[in-house]
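# Structure assessment
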Amino acid sequence: MAADIRIVEEAKQQRSMNPKKFALWLFMVSVMMLFGGWTSAYLVKRAEPGWTSFELPGQFWLNTAIMILSSVTMIWAHRAAKRDELEQTKLALGLTAVLGVAFLVGQLIAWQKMIAMNFYFSGAGSNSSGPFIYVLTGFHGLHIISGIIVLVIALIAAFRYKIHSKNMLRMDLCSTYWHFLGALWLYLFVFLLFYR
């Protein structure tokens, strides 16, 4: 009986990663593969005749700054939670969520500017590069929406005192996902700057 208990305890100790963290990493890897496939297809299509180069709207620069700032506030929230500074945790999570919404609004403004520059997704006047830009930025925007939902769930948990130095799993997941979304945007932005 004691040997059985010891085996179960050893099995628990051998698990090096929380299953929720593992699931998040699997999800992020699948998202990376999706965007990697799209950017690879973009490069192939760009090499074909008929590709039209384009200018990125200046709004993308502002959106990038907003995304970087939101990563800073996420770091602040995570550190505050580790120190049990719950008021700062709530404030920083709230600011991160607001910056996430600001990023989405900025992306909509960027799309409006692309339309004003006669850069369409499809239809008369569209070109081969247009759909890629809208798909890449649009699907990233959908992931930002999911990130904001995760932020709001973490914020509610902080108000219920379920996030603190001894219970950081939710905060770790939220922080990891948000930083991943920020890194993904930086990748897309730099990619589009170099391969227009």
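Residue numbers here run from 1 along each chain, matching the order of that chain's written sequence. Local features in a predicted model are, by the rule used here, given only for residues with pLDDT of at least 70; side-chain atom pairs are given and counted only at 80 or more, and totals for whole chains, interfaces and linings are based on all residues. With hydrogens and water set aside, each side-chain value is computed from the structure's full complement of heavy atoms.

## Here we look at a positive patch on the surface
Taken together, the side chains of Lys20, Arg160, Lys162 and Arg170 define a basic patch exposed on the protein surface. With respect to the secondary-structure elements, Lys20 resides in helix α2 (residues 19–46). Patch building starts from residues that exceed 30% relative accessible area and form no salt bridge, then joins like charges within 9 Å and nonpolar side chains (Val, Leu, Ile, Met, Phe, Trp, Tyr) within 5 Å. Per-residue and other accessible areas were derived by the Shrake-Rupley procedure at a 1.4 Å probe size, with only the shown protein chains allowed to occlude residues. Just to be clear on terms, a salt bridge is a Lys or Arg side-chain nitrogen sitting within 4 Å of an Asp or Glu carboxyl oxygen. We treat Lys and Arg as the positive residues and Asp and Glu as the negative residues; His and chain ends play no part in the count. Here the site of a charge means NZ on Lys, CZ on Arg, CG on Asp, or CD on Glu. Each helix is a run of H or I in the DSSP string that is no shorter than four residues. Each strand is a run of E no shorter than two, and both are numbered from the N terminus.

## A few points about the packing of helix α4 (residues 86–116) against helix α6 (residues 169–194)
Each pair of packed helices can be summarised by the angle the axes make with each other and by the distance between the axes. Under this scheme, a helix contributes an axis fitted over its contacting stretch, all axes are lines through C-alpha atoms, and angles between N-to-C directions fall in the 0 to 180 degree range. Where α4 meets α6, the axes come as close as 13 Å, and the angle between the chain directions of the two elements is 30 degrees. Considering their axes alone, α4 and α6 lie roughly parallel with respect to each other. In terms of crossing hand, the pair formed by α4 and α6 is left-handed. Of the residues in α6, those in contact with Thr89, Leu93, Thr96, Gly100, Phe103 and Gln107 of α4 are Met171, Cys174, Trp178 and Trp185. Residues belonging to the contact of α4 with α6 are distributed by class as follows: 6 nonpolar, 4 polar and no charged. When an angle is under 35 degrees it counts as roughly parallel; over 145 it counts as roughly antiparallel; between 65 and 115 it counts as roughly perpendicular; any other value is oblique. Two helices cross in a left-handed way if the nearer one is turned anticlockwise from the farther one by less than a right angle. They cross in a right-handed way if the turn is clockwise. Two residues qualify as a contact provided that any one of their heavy atoms is within 4.5 Å of a heavy atom in the partner residue. Amino acids outside the nonpolar list (Ala, Val, Leu, Ile, Met, Phe, Trp, Tyr, Cys, Pro) and the charged list (Asp, Glu, Lys, Arg) are all regarded as polar, and Gly is one of them.

## Observations concerning the packing of aromatic side chains
Any two aromatic rings considered together are summarised by their centre-to-centre distance and by the angle between their planes. Working definition: rings of Phe, Tyr and Trp (its six-membered ring) pair if their centres are within 6.5 Å, and the pair is stacked with planes under 30 degrees apart, edge-to-face with planes over 60 apart, and tilted otherwise. Throughout the structure, instances matching the rule amount to 13 aromatic pairs. Taken together, a centroid distance of 6.4 Å and an interplanar angle of 20 degrees make the contact between Tyr177 and Phe180 stacked. In this pair, Tyr177 and Phe180 both sit in helix α6, 3 residues apart, roughly one turn of the helix. For the pair formed by Tyr177 and Phe180, the shared burial category is buried. Between Phe191 and Tyr195, the ring centres sit 5.1 Å apart and the planes meet at 45 degrees, which makes this aromatic pair tilted. Its relative accessible area of 7% is what places Phe191 among the buried residues. You can call Tyr195 partly exposed: its relative accessible area is 35%. Ring pairs connect the aromatic residues Tyr42, Phe132, Tyr187, Phe191 and Tyr195, which therefore count as one cluster. With a 1.4 Å probe rolled over the protein chains alone, any residue whose accessible area is under 20% of its type maximum counts as buried; one over 50% counts as exposed, and the rest are partly exposed.

## A word on the pattern of salt bridges
Enumeration over the complete set of coordinates arrives at 3 salt bridges. Residues Glu87 and Lys90 are paired through a salt bridge, measuring 3.0 Å at the closest nitrogen-oxygen approach. Taken as a pair, Glu87 and Lys90 lie in helix α4 at a separation of 3 residues, close to a single helical turn.

## Remarks on the side chain of Lys90
Relative accessible area serves as the criterion here: at 8%, Lys90 is assigned to the buried category. Apart from the residues within four sequence positions on either side, Lys90 is in contact with Leu155, Ala158, Phe159 and Tyr161.

## A look at the packing of helix α3 (residues 59–82) against α6
Where α3 contacts α6, the two axes come as close as 10 Å, and the packing angle between them is 160 degrees. Taken together, the axes of α3 and α6 are roughly antiparallel relative to one another. Considering how the two elements wind past one another, α3 and α6 form a crossing that is left-handed. Class assignment of the residues belonging to the contact of α3 with α6 gives a composition of 16 nonpolar, 8 polar and 1 charged.

## Observations concerning the nonpolar core
For this analysis, a nonpolar core means a set of buried residues of the types Ala, Val, Leu, Ile, Met, Phe, Trp, Tyr and Cys, connected via side-chain atoms within 4.5 Å. If you look at the biggest cluster of nonpolar residues, it comprises 48 residues, and the most contacted ones within it are Tyr42, Met74, Leu93, Ile144, Met171, Trp178 and Leu192. Among the secondary structure elements, those contributing two or more residues to this core are α2, α3, α4, α5 (130–159) and α6. Here this core gets 13 residues from one element, more than from any other, and that element is α6. Residues in contact with Leu93, not counting those within four places in the same chain, are Met74, Ala77, Leu151, Ala154, Leu155, Ala158, Met171 and Cys174.

## So, the environment of Val105
Within the fold, Val105 resides in helix α4. What makes Val105 partly exposed here is its relative accessible area of 44%. In the structure, Val105 is positioned 36 residues away from Gly141 in sequence and 9.8 Å away in space, judged by C-alpha atoms.

## Some points on the environment of Phe103
Tracing the backbone shows Phe103 in helix α4. Taking relative accessible area as the criterion, Phe103 reaches 1% and is therefore assigned buried. Separated by 41 residues in sequence, Phe103 and Ile144 have C-alpha atoms that sit 8.5 Å apart. For Phe103, the contacting residues outside a window of four places in its chain are Asn63, Ile66, Met67, His140, Ile144 and Trp185.

Keep in mind these values describe shape, not function.
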